[in-house]
Amino acid sequence: MKRVVFLIILMISALILAGCGKNNENPTSIQIQTTPILGQYLEDILYDNSENSLDTAFNFIENWHLIPYDYKVEIVYNTSIVIGEGYGQHFLDAIKEGNVHAVEEIMQKIAAAFHQNIMVGTLDEYRISYISFDYLLHQWPPQFFAFALPDFFESVRDYEHLIIDLRGTRGSIYNFFDFFRLVIRPNIRYLEEQDRISTGMYFFTNNVDAGARFYSPITNFSRVFVENNEHMLTSFNIPYLNKEHALSFNYVARDVAVFLPFYMLPPDRPFKGQIWILIDSYAGAGAQTAAWISQASGFAYLVGEAFSFDIEALRIQELEHGDFHITDVYGHALDKITPDHPNRPNMDALQTALDIILNQ
């Protein structure tokens, strides 16, 4: 009888130890194998299969004068975002000079960067999916949201975790909109009223006249400044606002919005697991904005390094030369964003997220 009891205790101990072994999985030993998500989708945009890259470059130069000015500016800007600072101007100079070989070389660099920009991977045994972005574009090509991204989301719909890696992701505040629409909004779980994302900012300033408007870089709408006073602040209901500091500014504008789902193919099937966003101090303003809104709205847990929110990137013409103060909808100053889970000792953001997931 004692022998049987001993064997039972031994078996239970073995099970407990096995369970402990799983819960204490070392995240630094786990590797996620990633592959490019876009592949041929985006290469076809740059290179028509009927002509070689030199012909494409020549045709691009020949037709440059037909491209609208705003789109030219966008091309030059995105070139620097995609392959490095300064390349946009170099590309523009090569086009104006008719330097076909230089234009061809830069277009080849762009094609190579497209291939490696968006990487995906999975840890099937842990039901973890992963997607990373090297840079955010302004106006994603239709192949991205019509084929590549929906295919990936569909393949991981039933996973328990989705990690979105925005560490070092380049792109300005104006590169934020399409990323938010195509990556965040398709995965908002709009099953109940509380599942929508609602967030925003308050802008305090001394430098405008009452009734002046500004174009909000966050919600993509024009907002009006009103006179800032105690009654106005009370009507806004900003619980954590430093009122003494806020009242030192003469005008305030409210920029708050509700973000509803934007479903792609297949419809009405958002990711139902937990979403994690990795961030660091090297991320551009577009990635910072996506991370901040995702954290502030409860859409995702933020993991990584604290970062100083690029307030300068939010400046618009009316506010360019004056002092102003920006808070979130609760009144917290947006000068520094602290992740829900800072990097753990001797771990980067990905290892920290994996450590939390595997040992929770």
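Procedures and definitions
- Residues numbered from 1 in each chain as written.
- Predicted model: local features only at pLDDT ≥ 70, side-chain atom pairs only at ≥ 80, totals over all residues.
- Heavy atoms only, no water.
- Pairing = 2+ DSSP bridges.
- Helix = DSSP H or I, 4+ residues; strand = E, 2+ residues; numbered from the N terminus.
- Phe/Tyr/Trp six-rings, centres within 6.5 Å; stacked < 30°, edge-to-face > 60°.
- Buried < 20%, exposed > 50% of the residue type's maximum accessible area, 1.4 Å probe, protein only.
- Lys NZ or Arg CZ within 6 Å of the ring centre and 35° of its normal.
- pLDDT = per-residue confidence, 0-100.
- Salt bridge = Lys/Arg side-chain N within 4 Å of Asp/Glu carboxyl O.

### What about the sheet that holds strand E2 (residues 118–123)?
Backbone hydrogen bonds hold the strands of a sheet together, and the pairing may be parallel or antiparallel.
Then step 1. If you walk across this open sheet you meet the 7 strands as E1-E2-E3-E4-E10-E11-E13, and the pairing is mixed. Of all strands in the sheet, those with a lone pairing partner are strand E1 (35–36) and strand E13 (341–342), marking the two edges.
Then step 2. When strand E4 (residues 161–165) meets strand E10 (residues 274–279), the two strands line up parallel, connected through 5 bridges. Within the sheet, the bridge partner assigned to Asp165 lies in E10 and is Leu278.

### A short note on the packing of aromatic side chains
Then step 1. Inspection of every chain in the model, using the stated rule, returns 6 aromatic pairs.
Then step 2. Centre to centre, the rings of Phe60 and Trp64 are 5.7 Å apart; their planes meet at 50 degrees, and the pair counts as tilted.
Then step 3. Taken together, a centroid distance of 5.7 Å and an interplanar angle of 15 degrees make the contact between Phe60 and Phe91 stacked. One end of the pair, Phe60, is in helix H3 (residues 53–62); the other, Phe91, is in helix H5 (residues 87–97), and 31 residues separate them in sequence.
Then step 4. Classification of Phe91 by relative accessible area gives buried; the value is 3%.
Then step 5. These aromatic residues form a ring-pair network of at least three members: Phe60, Trp64 and Phe91.
Then step 6. The aromatic ring of Tyr159 is capped on one face by Arg127, whose charged end is 4.1 Å from the ring centroid.

### Topic: the confidence of the model for the protein
Then step 1. Averaged over every residue, the pLDDT of the protein is 77; the share at 70 or more is 75%.
Then step 2. Within the protein, helix H1 (residues 2–23) has the poorest average pLDDT of any element, 32, and E13 the best, 97.

### Digging into unusual backbone geometry
Then step 1. Notably, Arg127 is not glycine yet its phi reads approximately 60 degrees, a positive angle.
Then step 2. Within the element layout of this structure, Arg127 appears in the loop between E2 and strand E3 (128–133).
Then step 3. Since its relative accessible area comes to 30%, Arg127 is described here as partly exposed.
Then step 4. The phi torsion at Asn237 lies on the positive side, around 55 degrees, for a residue other than glycine.
Then step 5. Mapped onto the secondary structure, Asn237 falls in the loop between helix H9 (230–236) and helix H10 (243–246).
Then step 6. By relative accessible area, which is 57% here, Asn237 ends up exposed.

### A look at the pattern of salt bridges
Then step 1. For the structure shown, the criterion picks out 6 salt bridges.
Then step 2. We note a salt bridge from Glu230 to Lys243, for which the minimum N-O separation is 3.6 Å. Taken together, the residues Glu230 in helix H9 and Lys243 in helix H10 connect sequence positions 13 residues apart.
Then step 3. Residue classification places Lys243 among the partly exposed residues on the basis of a relative accessible area of 34%.
Then step 4. Each of Asp165, Arg167 and Asp348 takes part in one network of salt bridges that share partners.

### Quick word on the pairing of E4
Then step 1. With 5 of its 5 residues buried, E4 lies for the most part within the structure.
Then step 2. Alternating residues of E4 divide into His161, Ile163 and Asp165 and Leu162 and Ile164, and every residue in both groups is buried.
Then step 3. Sheet topology places E3 next to E4; 5 bridges connect them, and they run parallel. From the neighbouring strand, Ser129 faces E4, where its bridge partner is Leu162.

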